[in-house]
Amino acid sequence: MPALTRPSRRARLTHTAALMVALATAAATPAVAAPQNQRLTVVELFTSQGCSSCPPADANLVTLSRRPDVLALSFSVTYWDHLGWRDTFGKPEFTRRQYAYEPQLGERGPFTPQMVVNGRISRVGFNLAEIEHAIASAPTFSGPHITLGPREVSIGRGAEPAAEADIWLVAYDPNIVQVPVRRGENSGRTLPHVRVVHRLERLGGWDGMPLRIARSETPPGLRTAILVQLPSGGPILSAVTE
């Protein structure tokens, strides 16, 4: 099964020094909220608490989450759960989201830690310099303006997409969460996570015409982001967060 064999091809280094530096930098730098009209670069990390190569990528996401121009999101996948530790944040829909990306991005199959930039660029998540270069070189959004209200989402007019775009609601925890791992490859470690996604919901489709669509209330302690994205793991056209 590709999802289980692909990670073993990646370097299995602990990167302890890189992890400590990234966490120290993140702790010293206050987070800054981005205004809703700012064009955000979306960086999605596909990770697992059962993957020994993932902690440095989790730390890199902490660093990236401090940037006001970046919407950093952490999706925990489930295909490492068989190694003895069930990821406390993993959900099948997050695994399906990663699977959908791979053909579009030219990957042979899913792997962790993977970072996807604007739905267009795939990189190994523990190399921060590569991720920052991908952010700097990522194509800019060409999609509609999004207004995120407490009860509804407004999507503006724009060029008609090649296929009806998906409107995704993402509910995530903006805080750093420390997770003690008791079994599996990271047994005995406490791993920091940030921007952990707890819910991924498709609200509807966008065909280039303006629309308003109802949204559910965000649970206490979580924040909401909206992504307008071409279907089947296509490029992200627009994004906004609270």
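All of these numbers come straight from a predicted model, not from anything done at the bench. Within every chain, residues take consecutive numbers counted from 1 along the sequence as written. Whole-chain, interface and lining totals are the exception, using all residues; otherwise, since this is a predicted model, local features are given only for residues with pLDDT of at least 70 and side-chain atom pairs are given and counted only at 80 or more. The basis for every side-chain value is the complete set of heavy atoms in the structure, and neither hydrogens nor water enter the calculation.

A. Layout of the overall build of the chain. Check the secondary structure of the chain and you find 5 helices and 13 strands. When each of the 242 residues of the chain is scored for burial, the buried share is 54%. Accessible surface, the chain as shown: approximately 10500 Å² in total, 54% of it carbon and sulfur. A run of H or I in DSSP counts as a helix once it spans at least four residues, and a run of E counts as a strand once it spans at least two, with each numbered from the N terminus. Residue burial is assigned from relative accessible area. The probe radius is 1.4 Å, only protein chains are included, and a residue is buried under 20% of its type maximum, exposed over 50%, and partly exposed in between. Methods summary: accessible areas were calculated by the Shrake-Rupley approach with a probe of 1.4 Å, and residue burial reflects only the protein chains presented.

B. Layout of the pattern of salt bridges. When a carboxyl oxygen of Asp or Glu is within 4 Å of a side-chain nitrogen of Lys or Arg, the pair counts as a salt bridge. Under the definition given, this model contains 8 salt bridges. Of the charged contacts, one joins Glu 44 and Arg 97 as a salt bridge, the two residues approaching to 2.7 Å between their closest N and O atoms. Note that Glu 44 is positioned in strand β1 (residues 41-47) and Arg 97 in helix α4 (residues 92-105), a separation of 53 residues in sequence. For Arg 97, a relative accessible area of 9% gives the class buried. Taking the shortest distance from any N to any O, the salt bridge between Asp 69 and Arg 67 comes out at 2.8 Å. Take Asp 69: its relative accessible area is 25%, and that puts it in the partly exposed class. For Arg 67, a relative accessible area of 27% gives the class partly exposed. Connected through shared salt-bridge partners, Glu 164, Asp 166 and Arg 202 make up one network.

C. Representation of α4 in the model. In a helix, the anticipated span is given by 1.5 Å times the number of residues less one. The end-to-end C-alpha distance of α4 is 20 Å, a good match for the 20 Å that 14 residues give at a rise of 1.5 Å each. For α4, the complete set of buried residues consists of Phe 94, Thr 95, Arg 97, Gln 98, Tyr 101, Glu 102 and Leu 105. The buried residues of α4 occupy one face: seen down the axis, they fall within an arc of 155°. Along α4, exposed side chains directed more than 90 degrees from the buried face belong to Arg 96 and Pro 103. The arc refers to the directions leading from the helix axis to the C-beta atoms.

D. Structural view of the environment of Ile 236. Position of Ile 236 relative to the elements: it lies in strand β13 (residues 236-241). The spatial distance from the C-alpha of Ile 236 to the C-alpha of Asp 166 is 9.3 Å, given a sequence separation of 70 residues. Only heavy atoms enter the contact rule, under which two residues are in contact if any of them lie within 4.5 Å. If sequence neighbours within four positions are ignored, Ile 236 has contacts with Val 42, Glu 44, Arg 97, Tyr 101, Asn 118, Gly 119, Arg 120, Phe 141, Leu 227, Val 228 and Gln 229.

E. How the structure looks around the sheet that holds strand β11 (residues 211-214). Only when DSSP finds a minimum of two bridges between them are two strands counted as paired. On the basis of which strands lie adjacent, the open sheet formed by 3 strands has the order β5-β6-β11 and antiparallel pairing. Because the sheet does not close on itself, it has two edges, and the strands there are β5 (146-148) and β11. Averaged over neighbouring strand pairs, the angle between their axes works out to 15° when direction is ignored. As judged from the 4 bridges shared by strand β6 (residues 152-155) and β11, these two strands associate in the antiparallel manner. Residue pairing across strands places Glu 152 opposite Ala 214, the latter belonging to β11. Every angle, taken between N-to-C directions, lies between 0 and 180 degrees, and every axis is a line fitted to C-alpha atoms, over only the stretch in contact when it is a helix.

F. The arrangement of the packing of helix α3 (residues 55-64) against helix α5 (residues 128-137) in detail. Two elements in contact, α3 and α5, have axes whose closest approach is 10 Å; the angle formed by their N-to-C orientations is 45°. Comparing the axis directions of α3 and α5 gives the class oblique. Considering only the axes of α3 and α5, their crossing is right-handed. Every residue of α5 that contacts α3 at Asn 60, Thr 63 and Leu 64 is listed here: Leu 128, Ile 131, Glu 132 and Ile 135. When the residues that make up the contact of α3 with α5 are grouped by side-chain class, the tally is 4 nonpolar, 2 polar and 1 charged. Here roughly perpendicular refers to angles of 65 to 115 degrees, roughly parallel to angles under 35, roughly antiparallel to angles over 145, and oblique to all remaining angles. In this scheme the crossing of two helices becomes right-handed for a clockwise turn of the near helix relative to the far one and left-handed for an anticlockwise turn of less than a right angle. Side-chain classes are defined by residue name, with Ala, Val, Leu, Ile, Met, Phe, Trp, Tyr, Cys and Pro counting as nonpolar, Asp, Glu, Lys and Arg as charged, and the others, Gly among them, as polar.

G. Representation of the side chain of Thr 224. Structurally, Thr 224 is set in strand β12 (residues 223-229). Take Thr 224: its relative accessible area is 0%, and that puts it in the buried class.

H. Focus on the pairing of strand β2 (residues 70-76). For β2, the tally of buried residues reaches 7 of 7 residues, placing the bulk of the element in the interior. In β2, alternate side chains face the same way, and those of Val 70, Ala 72, Ser 74 and Ser 76 on one face and Leu 71, Leu 73 and Phe 75 on the other are all buried. In the sheet, β1 pairs with β2 via 7 bridges, with the strands oriented parallel. When the bridges of β2 are listed, Thr 41 appears paired with Val 70.

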